[in-house]
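Chain by chain, the residues run as shown.
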Amino acid sequence: MTKKIMIVGVGGQGTLLASRILGNTVINEGYDVKVSEVHGMSQRGGSVVTYVKYGDAVYSPIIDRGEADIILAFEMLEAYRAMPYLKKGGKIIVNTQEIDPMPVITGAMKYPENIDKKLQDKLDVTLVDALSLAEEAGNFKAVNVVLIGVMAKSTDIPYEKWVETIKNTVPPKFLDVNLKAFDLGYKL
Amino acid sequence: MKKLLLGNAAVAQGAYEAGVRVVASYPGTPSTEITENIVKYDEIYAEWSPNEKVAAEVAIGASIGGARSMSCMKHVGLNVMADPVFTVSYTGVNGGLVFCVADDPGMHSSQNEQDSRHYAKASKITMLEPSDSQECKEFTRLAFELSEEFDTPVFIRLSTRVSHSQSLVEIGERKDIELKPYEKNVGKYVMMPANAVKRHVVVEERIAKLKDFAEDCSFNTVEMNDTKIGVIASGIAYMYAKEALGDNASYLKLGMVYPMPEKLILDFASKVDKLYVIEELDPIIEDHCKSLGLEVSGKDVFTLLGEYTPTMIKSAVLGTAPAEQAEIEEAIPARPPVLCPGCPHRGVFYVLKKLGLVVSGDIGCYTLGAIPPLASVDTTICMGASVSAALGMAKARGSEFNKKLVSVIGDSTFMHSGITGLIDIVYNKGNNTVIILDNSITGMTGHQDNPTTGYTIRGEETKQVNLLTLCKAIGIEHVCVADPFDIKNFEKVVKEETQREEPSVIIAQRPCALLKSVSYTSHCKITENCKKCKMCMKLGCPAISEDGAGGVKIDLTQCNGCGLCINVCPFDAIVKEG
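Residues numbered from 1 in each chain as written. Chains lettered and ligands numbered in written order. Predicted model: local features only at pLDDT ≥ 70, side-chain atom pairs only at ≥ 80, totals over all residues.

Caption draft 1: Broad picture of the interface of chain A and chain B. Contact with chain A, which involves 50 residues of that partner, is made by 47 residues of chain B. Looking at which element gives the most residues to the side of chain A that touches chain B, the answer is strand β2 (residues 32–36) of chain A, with 5 residues. Within the side of chain A that touches chain B, the residues separate by chemical class into 25 nonpolar, 13 polar and 12 charged. (Contact = placed C-beta atoms within 7 Å. Helix = DSSP H or I, 4+ residues; strand = E, 2+ residues; numbered from the N terminus. Nonpolar A, V, L, I, M, F, W, Y, C, P; charged D, E, K, R; others polar.)

Caption draft 2: Quick peek at the packing of helix α16 (residues 385–397) of chain B against helix α18 (residues 411–427) of chain B. All names here are of chain B. Where α16 contacts α18, the two axes come as close as 7 Å, and the packing angle between them is 25 degrees. By the angle between their directions, the pair α16 and α18 is classed as roughly parallel. Along its contact with α16, which presents Ser386, Val387, Ser388 and Leu391, the element α18 presents Gly418, Gly421, Leu422, Asp424 and Ile425. (Axes fitted to C-alpha atoms, helices over the stretch in contact; angles between N-to-C directions. Parallel < 35°, antiparallel > 145°, perpendicular 65-115°, else oblique.)

Caption draft 3: Region of interest: the sheet that holds strand β15 (residues 377–379) of chain B. Residues and elements named next belong to chain B. Taken in spatial order, the 6 strands of this open sheet run β15-β14-β16-β17-β19-β18, and their pairing is parallel. The sheet is open, and its two borders are formed by β15 and β18 (478–482), each paired with just one other strand. When the angles between neighbouring strand axes are averaged without regard to direction, this sheet yields 30 degrees. Examined bridge by bridge, strand β17 (residues 433–438) and strand β19 (residues 504–509) share 6 bridges and lie parallel to one another. Across the sheet, residue valine 434 finds its bridge partner in β19, namely valine 505. Relative to β17, helix α15 (residues 345–355) is tilted by about 155 degrees, and along the sheet it contacts β14 (358–360), β16 (405–410), β17 and β19. (Pairing = 2+ DSSP bridges.)

Caption draft 4: Representation of the nonpolar core in the model. Counting 162 residues, the largest nonpolar core has Met6, Ile71, Val146 and Leu147 of chain A together with Ala241 of chain B as the members making the most contacts within it. Residues contacting leucine 147 of chain A, with those up to four places away along its chain left out, are Ala18, Leu72, Phe74, Ile93, Asn95, Val128, Ala130 and Gly185 of chain A. Core analysis: the next-biggest nonpolar cluster, separate from the first, contains 65 residues, Cys340, Cys365, Val494 and Ile544 of chain B among them. (Core = buried A, V, L, I, M, F, W, Y, C linked by C-beta atoms within 7 Å. Buried ≥ 20, exposed ≤ 12 C-beta atoms within 10 Å, placed from the backbone.)

Caption draft 5: Geometry of the domain arrangement of chain B. Examined at the domain level, chain B breaks down into domain 1 (2–215), domain 2 (220–318), domain 3 (345–509) and domain 4 (523–577). In this structure, domain 1 of chain B and domain 4 of chain B have C-alpha centres spaced 49 Å apart. (Domains from an automatic or database assignment.)

Caption draft 6: Region of the structure containing unusual backbone geometry. All names here are of chain B. The omega torsion of the bond from threonine 29 to proline 30 falls at 10 degrees, within 30 degrees of zero and hence cis. A cis geometry characterises the amide bond from proline 372 onward to proline 373, with omega recorded as 5 degrees. The backbone of alanine 375 sits at a positive phi, close to 35 degrees, despite the residue not being glycine. Positionally, alanine 375 belongs in the loop between β14 and β15. In this structure alanine 375 comes out as partly exposed when scored by C-beta crowding, with 14 C-beta atoms within 10 Å. With phi around 75 degrees, histidine 447 is a residue other than glycine that occupies positive phi space. Here histidine 447 lies in the loop between β17 and α19 (467–473). You can call histidine 447 partly exposed: it has 17 C-beta atoms within 10 Å.

Caption draft 7: Main features of the sheet that holds strand β1 (residues 3–10) of chain A. Across the sheet, which stays open at both edges, the 8 strands sit in the order β6(A)-β5(A)-β4(A)-β1(A)-β3(A)-β2(A)-β8(B)-β1(B) with mixed pairing between neighbours. In this open sheet, the two strands that pair with only one neighbour each are β6 (124–128) of chain A together with β1 (2–6) of chain B. The average angle at which neighbouring strand axes cross in this sheet is 20 degrees, direction not considered. When β1 of chain A meets strand β3 (residues 47–55) of chain A, the two strands line up antiparallel, connected through 8 bridges. Its bridge partner being in β3 of chain A, valine 8 of chain A is matched across the sheet by valine 49 of chain A. Across the face of the sheet, helix α6 (residues 143–152) of chain A comes into contact with β4 (68–73), β5 (86–95) and β6 of chain A while running at roughly 140 degrees to β5 of chain A. The strands touched by helix α7 (residues 133–150) of chain B are β1 and β8 (165–170) of chain B; relative to β8 of chain B, the strand with the most contacts, the crossing angle is about 60 degrees.

Caption draft 8: Focus on the pairing of strand β4 (residues 69–74) of chain B. Residues and elements named next belong to chain B. Of all 6 residues in β4, 6 are buried, a share of seventy percent or more. Going residue by residue along β4, you find Ser69, Ser71 and Met73 tucked away on one face and Met70, Cys72 and Lys74 tucked away on the opposite face as well. Two elements, strand β2 (residues 22–25) and β4, share 2 bridges in a ladder whose sense is parallel. Bridging from a neighbouring strand, valine 23 pairs with methionine 70 of β4. Summarising the sheet, β4 and strand β5 (residues 97–103) pair through 6 bridges and their orientation is parallel. Considered in β5, the bridge of methionine 70 is made with valine 98.

Next up, the structure:
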């Protein structure tokens, strides 16, 4: 059975690193894996979506609506936008950070209100203030690794395996901050 | 050993294992990471060329010189290099020659979604299309052998989902391929009419041989399951079909999309009840099947537009309803890409918008200057068109219009094909003003060096093309350098230069805010002096937004302290914190 995880956020939030940590952890568990990323223009502050799929044999690298087992959302509006992709009974982990998109900044549209409640009405939601936890770990940019920590707990891959991948993926000078960030998310 | 690799990294690995010696490319999403990964192998000479035509010619020269060589580009880059490509089809190769082209269905980062498979047929160059990273590696490796065996360049065609998906790849060793001897062969390599006439005969013979090869090669595979439905597919569309239909269908997977087999297709078709061709973009395989007299379903049930999904295929072939999903019950704001906080282009567009100029735009991050609130770019066609199209506009509408018209073009795009347009302006007595957005790097594709940065692809120091002396050398007498963050002066310069009855160039010089060498510190803060005039919001900085109480707030996680907002605030109400 293929497990389907979607990572959504705003270009620049570090979703690519999160997908790489996830992808490299699951291959070490012996699964077939596909990770579909977005490069180029969308990375400039636009919506970014990464798909990670693993199982015995994975064909398509993308995830359709109503199919994701887990959605890891780095931002509230992006969590809301991704809502239709979650499968019935799936789980969405949401960083409570809000980043205004340009149509909101220019006043053309309003940032939707009470997204948390709208998500909770329909889905199994875990809300996380990952920004505060990242700051507690020593760098607000570690939001991605905090969220990976939260997600890691809901997989059957042991803690040590995640730590091993982080050690192999993150540059040495940021390792301590990232390991602390992972712990704060994992222990939540 | 197996490794998780991007399709693009796997192409690089395949080229490495095939003993490639020379790789020349121009960056373009989704192809860029192929050449970036080539740099990891010390045995290979790699370069960023000024444009795709030059890159292809470097690779062609290396092939004639006896080396296995490759050039990689995005789909629109293939248009730029089409000229040498159509003729190297006639000359054939010495060392194996591969052109790897990445299409962008869905236009994640492109100005059109052309289907590059048309080029294979038009130029009579064989084309392979892998479906995942393992095939990216294997097909690339084998492409060099195919190239030498049939004396032909070979296309590898990728698409965004193949280029930018990571999957497992079995890593192999590099094959030690000797440089082939160079022998002068005028009949083969000098394409003047008398020789080309003879070479065209060779091309047609080669295609006939490759058609036979396609009937029975490892690139094309048949998988028989339930025979009620038969699917012919290639590339990523095969993966979508396989996921959607599983064992409920039989498959003919075409790894070689030009030339296509005939007997193999007819044989497969005879074994299934209903035949579908599943391919993104144009009906190329479908038309081939129809030319064989087959009844197939293709674009009658599948769209010509954008990317496919397994759900789309299930619905079209099996009539299955999509999975149950939670609907969003209101209109929500889109999140288009934006110029980054600290982006030097922001100052330029702020001024151009303020002056109400017509802006002839180009390809790069600065295309985002078309999006509100900066909303100042009027046109974007292709690499370099900002300069030459502005000359056409001025010739069409006269000198008063020209005084309200500027071109904007990045440093790398200017090197790529802006310089020729500028020469046209000088030669044909244009009075245009061209603004070169010199941010010291190729930005949009993720920071590649170019002839104006002073570094090679491997980060070695090299001669730096000086934009100012270059423009002067071709005959532009009024060339100046201005900092786009010094808003007052930049506005003054633009006003002066556009009023001239002579051509002029403004080099807007400030490095990309994402460069490691740029160290904006701290962040900006709104003080109690704020009169809520919202002038700062006209910058379209993603860090500045309304605070919900009629005023303005700065998001500290986004602000990098570039200070441009301080320069536009009329009340000195924004300060640097710390």
